[in-house]
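As a plain string of letters, each chain reads:
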Amino acid sequence: MSTPAVQPSLAAEPNPYVPGVSSDLYRGIAGAGAASPEWLQAFAEFFTEAAIIGFLAAFAVLFVQARNDEDHVMARAVLPPLGTALAYVLSEVLKSFIQEDRPCRAVAHADFIASCPELGDWSFPSNHSTIAAAAAIGLFCARRSWGWAAVVVGLLTGLSRVFIGVHYPHDVLVGLLLGGAVAALLPLLAERITPLVGRLRATSAGELVLGGGDDGWDDFADYDDRDEHEHFDEFDDFGGVRGEDAVDEDRTVQLPAVDDATVQFRTIRR
């Protein structure tokens, strides 16, 4: 962990893309980070990178599980990594056009935790925030049970970039919006590529990569088996027999007399 330091402004002139309120917020949040206990500083520097790795691991688990699931589930599993990559590319394009210097270099008398990135490693928007938002929303759309935890991790990732002192708050905010906007389109795209996933799985190469999926017959068979046993139980209630208890002798079931007649019929046998 690097030692918190006070950096003078190296900018030749004020950056027109940086609002004054963002600089003030940066001083407050980054200063709080620099004044925090050493264990929290170390955790913040670890978390800001580990969260991205955690999202990649979640993508891998999601894909492996979807290999044994239906086509639409696989479609939703393959898109979050692609959407995250697209959001990252868009973020890099914006960086190259705007070329906003890092606040740890441009904001005078600012305390911060992390080592300041080199000149030319532009600040706006935050790549980490863009990736985290795209990954979080992508996971939320693909697996709702993971979604809220992913969203919380994504927001904390963005906050950590200001906390350790390498981004302005507006860098993070725009990064989160950019990543989230790209990922929000994924469910619509998933519906369109679901038939393609099915066609690819029908080929040997596609099945090798995407898995065979679930055609639904196992669930139907389980339902049919339960339904069959329920009918057997009904037969037993009327004196019928099933399984190994079945006998060859004819058995009859007598119903209440109708017009002084007795109705008889054979018990259904399996």
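All values derive from a computational prediction rather than experimental measurement.

**Q** Break down the confidence of the model for the protein for me, with residues and values.
**A** With 72% of its residues at a pLDDT of 70 or more, the protein has an overall mean of 78. Confidence drops under a pLDDT of 50 for residues 1–12, and excluding neighbours within four residues, the segment shows 32 contacts in the predicted structure. Confidence drops under a pLDDT of 50 for residues 217–229, and excluding neighbours within four residues, the segment shows three contacts in the predicted structure.

**Q** So what about the nonpolar core? Which residues, and what values?
**A** Judged by nonpolar contacts, the single largest core of 23 residues is most densely connected at Phe55, Met74, Val78, Leu79 and Leu139. Going through the elements one at a time, helix 2 (38–66), helix 3 (71–98), helix 5 (127–142) and helix 8 (186–201) are the ones with two or more residues in this core. In terms of residues, this core owes the most to one element, helix 3, which gives six residues. By size, the runner-up hydrophobic cluster in this structure holds 12 residues, among which are Val18, Ala30, Val107 and Ala110.

**Q** Just give me the short version of unusual backbone geometry, but keep the residues and values in it.
**A** The omega angle of the peptide bond from phenylalanine 124 to proline 125 is -10°, so this bond is cis rather than trans. By the secondary structure assignment, proline 125 is in the loop between strand 2 (110–112) and helix 5. A positive phi angle is found at glutamine 99, which is not glycine, with a value near 55°. The topology assignment puts glutamine 99 in the loop between helix 3 and helix 4 (103–106).

What counts, and at which threshold
Residues numbered from 1 in each chain as written. Predicted model: local features only at pLDDT ≥ 70, side-chain atom pairs only at ≥ 80, totals over all residues. Heavy atoms only, no water. pLDDT = per-residue confidence, 0-100. Contact = heavy atoms within 4.5 Å. Core = buried A, V, L, I, M, F, W, Y, C linked by side-chain atoms within 4.5 Å. Buried < 20%, exposed > 50% of the residue type's maximum accessible area, 1.4 Å probe, protein only. Helix = DSSP H or I, 4+ residues; strand = E, 2+ residues; numbered from the N terminus.

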